[in-house]
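# Summary of structural features
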Amino acid sequence: MATGSEKGVQAAHGPAACYRELSRFPAVTRAALRAAAGGQTFLLYTECSRPDLTRRRLLRFDRHYSLRRTASREGLAVSRTALSAEIHDQLLSQDSPTGQRRAVLKRCPRQGHELLEVWDSGGCSHSVDLTALGKHGDVYTEGPFACLAWSHSETRLLYVAEKSRPKREPPCPWDVPGAAWPAAEDEDEEGKQFVYHEDWGEALSTRSEPVLCVLDLEGLSLSVLEGVPEHLSPGQALWSPDDHGVVFVGWWNTPFRLGLNACSNRRSGIFHLDLASGCCELLSAENASVCSPRLSPDGQRLLYLEGVVGGPHRQCLRLLMLTWQTRQTVTVLDVVQEPTEAFTGLYAEVLPLRCWAADSRRAVLGTPQRSRTDLLLVGTEASTVTNLTAGSPEGCWELLTLQWDLLVATCSAPHHPPSLVVAVLPPAGQELPLSWVPVEDTPTVPGVTWKTLTFHPPCSEQGPTAQDTQAFEALLLSPSDGTSPHPLIVCPHGGPHAVFDARWRPSMAALCQLGFAVLLASAPCFPVWVRRMWQTPRWEALGWGCLWGCCWEDADVWVLMVGAPWVKLAVEQALHREPLDPHRLGLLAGSHGAFIALHLITREPERYRACALRSPVSNLPALLGTSDIPDWRYTSLGLPYSFERVPCAEEVATMLLRSPISQAAQVRQGQDGCGVPGVGCQIPTEGSAAGADTGVAVRGCSGPARQPHTGAGAVPRVAGQGCPSTAPVVPRGWPRTGWCGDGGQCLQELCSLASPAPGAAQAGRDRLAEPLVPTVVLGYASPRVTAGPRDHTKTRGRWSERSHGQGCGLVFRVK
């Protein structure tokens, strides 16, 4: 047994201490500029956040800077103007067009009321208690619907809130002894508090019927706008150029709502609501998926993104521009059919709120370009694209704001925490090279190196032709201690149609400092041949039963979308090229990435020694009636989907055959936290029935849980750690796990793979009988997520399957 002093030394150099050190670097979440007198000096306001592990919450604070134009090559001089201060109770904020006023939405801690305040140079000029007025429900502060927009006259504020509903009555007398009967109510209102309301799925379980709201600062009146059709849910609203109308994105909510948070390919359109007549006009295509309307500074052009409805989640998008006076729409950038090194297409989720240059002819946006996220300058008239950050050592760039031709952005890399930088946008045609000036320059983290690996799948008789074959990439993070070969942790992406870009991830950097190499593997989504295969009615007709050495008998159907063979190929080639230990491999993934990982460990149980999963999907048919995205069950297998579709026996059998649960007998030991209600636990359960050596223990979570299957005596958790539930005692012979509070990442067993000490493994086994309590915050989600319950709100008889909450995951030790 390890002594107390030995445990203290291990804790000081373990995952907890490592992550605590790396999580101190803040991320900049918002930036705003204000022009001072003379037009040569600008005040920069930023909002930052970072985990506060001591108090188990997200710490938010602001920073203030002064930018002054100079005649130097950089064109700017930067200085700090004030000390940082913590931001309390703020939900949303937005500066006026001139920067002279700021609107702030706050929550009063005592009453829980939402207050909308307006601040200027003289202090707080307006404070309105929105909750007390009772015109609507909670204001939308994040997600695809949220917005807070100033009118051009700076006299009105536009935002989105939940539609007001009848309040719940007190319990009936037969439920509570001694309670009085409820007062008589109108026949029209009777029972309305019990009417079920659909929601928009994961992370939007309290969002059902959004409404547009306007606060008039001069008349001190609040109104809910009328005229929006009932079949539309409005969001992302802004004012029309003359302030006489409102432009918004409207999502079709009929025949019923589907999950929207991670699936932006839902039917939607750009609409204009005339405030005088109440007429609602469709400005975009009728059957498309759109987002991010952005009005140019001169008010003449409206820029927005458009994609197709259905299919892969993160498809290549079009950039469209509407001329306001003529209502004519032109395509600025079309879907890229043949990706090139210079431009692979637009894969941005949203456009920056302020992306237009001062000339109203150019716009700047960030988008993934293979394994990088770069800033692109788009000429809207000539449809030109200029990469402003190509070749930079930082692999991820994000634009915060563009005002008065001043660019404010953050840049980061796997070994470099986010830095805040600014630059002056030169006149058209003279943009390159762009000189970035550091505002807050963070140092690189020692002990971490990274590179981009490019893989070229070989052609085969059953695969794509040579001219159609496209390379795909993966990121490899390695320790810089020189002690090779390193154990490898493979992380499939959970998108499933997004990519790992070369950004700062403290959890991945922590693994490197602990001695691991990390392979961030993304399935190739944007290559043209994948889109061509997607357009084929049934993939099995293509004869892809054997993909580049991946001889899995059922690969012909699901291989194109789920990505497991690509991950397999990336692992094999990485082991061949790099100094990695092929006998010490682990898997770490969540959501769809966990689906891929389950396929890998059930089909290659001899390769991976450990596997830690968060919110895994193991049984596709079980999610048809419980998921907020049932359409994905069909899409992932190349089957068509419609709202009226009822699964037939053949389709259910196909889904089951393509699910990891069909290979559960390969799993040798397991530990389950019910990441997906009633689904994740099936792997060890079915494995036991098939004769596999499996076991399960339930981790505490605030969603539905299942009782332990074998030898898991529950003990109370340590106060203040994790959710208010129980922590199991892990039976002897199980992998030692360090359960994390923000996604259930089990890393202690993975860390044991990197231990060079001969007695370390035996010492770890000796500690397996000790009670486990959450000790480390090392994973994907932020403390803001862990502070609340899992998004397990039951909606329309289904659970939000794609929610990634705290204390939920699945761990396997395969034989």
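In this report, we go over the structure that sits alongside the text. (Residues numbered from 1 in each chain as written. Predicted model: local features only at pLDDT ≥ 70, side-chain atom pairs only at ≥ 80, totals over all residues. Heavy atoms only, no water.)

### Thoughts on the overall build of the protein
If you tally the helices and strands in the protein, you get 14 helices and 37 strands. For the protein, with 815 residues in total, the buried portion stands at 56%. Taking as baseline every contact in the protein between residues at least 6 positions apart, the subset at least 24 positions apart corresponds to 61%. Total accessible area computed for the protein in this model is approximately 32900 Å², and 52% of it derives from carbon and sulfur atoms. (Helix = DSSP H or I, 4+ residues; strand = E, 2+ residues; numbered from the N terminus. Buried < 20%, exposed > 50% of the residue type's maximum accessible area, 1.4 Å probe, protein only. Contact = heavy atoms within 4.5 Å. Areas by Shrake-Rupley, 256 points an atom, 1.4 Å probe, with all protein chains shown as cover.)

### Quick word on the nonpolar core
F145, L158, L212, V246 and I270 are the most contacted members of the largest nonpolar core, which totals 35 residues. Of all the elements in the fold, those that place two or more residues in this core are β10 (156–162), β11 (210–216), β13 (232–239), β14 (245–252), β15 (268–274), β17 (289–295), β18 (301–307) and β19 (318–323). Of all the elements, β14 adds the most residues to this core, at six residues. Setting aside residues up to four positions removed in sequence, L158 forms contacts with C147, L148, A149, L212, C213, V214, L225, A237, L238, W239 and V246. Judged by nonpolar contacts, the second largest core, of 31 residues, contains A474, W566, L580 and Y608. (Core = buried A, V, L, I, M, F, W, Y, C linked by side-chain atoms within 4.5 Å.)

### Brief notes about helix α2 (residues 15–22)
The complete set of buried residues in α2 reads P15, C18, Y19 and L22. The buried side chains of α2 occupy one side of the element, clustering within an arc of 90° when seen end-on. (Arc of directions from axis to C-beta.)

### As for the sheet that holds strand β12 (residues 221–224)
A sheet is described by the order of its strands in space; here four strands give the open sequence β9-β10-β11-β12, paired in antiparallel fashion. At either end of the open sheet lies a strand with only one pairing partner, and these are β9 (148–150) and β12. Recorded for the sheet is a direction-independent mean angle of 25° between the axes of neighbouring strands. In the sheet, β10 pairs with β11 via seven bridges, with the strands oriented antiparallel. Counted as the bridge partner of L157 is L215 from β11. (Pairing = 2+ DSSP bridges. Axes fitted to C-alpha atoms, helices over the stretch in contact; angles between N-to-C directions.)

### A closer look at the pattern of salt bridges
For the structure on display, the rule yields 38 salt bridges. A salt bridge links E572 to K568, with the nearest nitrogen and oxygen atoms 2.5 Å apart. Here E572 and its partner K568 are both found in helix α7 (residues 564–577), four residues apart, which amounts to about one turn of the helix. Under the relative-accessibility criterion, E572 is labelled partly exposed at 29%. (Salt bridge = Lys/Arg side-chain N within 4 Å of Asp/Glu carboxyl O.)

### As for the packing of aromatic side chains
A complete count under the given rule lists 12 aromatic pairs for this structure. Centre to centre, the rings of F145 and W251 are 4.9 Å apart; their planes meet at 70°, and the pair counts as edge-to-face. With F145 in the loop between α3 (130–133) and β9 and W251 in strand β14, the pair connects residues that are 106 residues apart, well separated along the chain. Among the residues examined, F145 registers a relative accessible area of 1% and is labelled buried. Seen from their ring centres, Y634 and Y641 are 5.5 Å apart, and the 40° between their planes marks the pair as tilted. (Phe/Tyr/Trp six-rings, centres within 6.5 Å; stacked < 30°, edge-to-face > 60°.)

### Quick word on the state of the cysteines
For the coordinates displayed, the defined rule picks out zero disulfides. With no disulfide of its own, C491 lies 9.9 Å from the sulfur of C512, the closest cysteine sulfur. (Disulfide = S-S within 2.5 Å.)

### A closer look at the environment of G259
Its place among the elements puts G259 in the loop between β14 and β15. On the basis of relative accessible area, G259 is assigned to the buried category, the value being 2%. Separated by 368 residues in sequence, G259 and S627 place their C-alpha atoms 8.6 Å apart. Here G259 is in contact with W200, G201, R266, D628 and I629, once residues within four sequence places are set aside.

### Comments concerning the packing of α7 against helix α8 (residues 592–603)
At a minimum axis separation of 9 Å, α7 and α8 run at an interaxial angle of 65°. In terms of orientation, α7 lies roughly perpendicular with respect to α8. α7 and α8 meet at a crossing whose hand is right-handed. Two secondary-structure elements touch here, α7 through A564, V567 and K568 and α8 through I596, H599 and L600. Of the residues assigned to the contact of α7 with α8, the class counts are four nonpolar, one polar and one charged. (Parallel < 35°, antiparallel > 145°, perpendicular 65-115°, else oblique. Left-handed = near helix turned anticlockwise from the far one by under 90°. Nonpolar A, V, L, I, M, F, W, Y, C, P; charged D, E, K, R; others polar.)

### A word on the sheet that holds β13
Taken together, the four strands give an open sheet; going across it, the order is β13-β14-β15-β16, and neighbouring strands pair in antiparallel fashion. Only two strands of the sheet have a single partner each, and these edge strands are β13 and β16 (280–282). Going from strand to strand, the sheet's axes swing by 35° on average, the running direction of each strand aside. Alignment of β13 against β14, held across six bridges, turns out to be antiparallel.

Interpretation in functional terms is not warranted from these geometric data alone.
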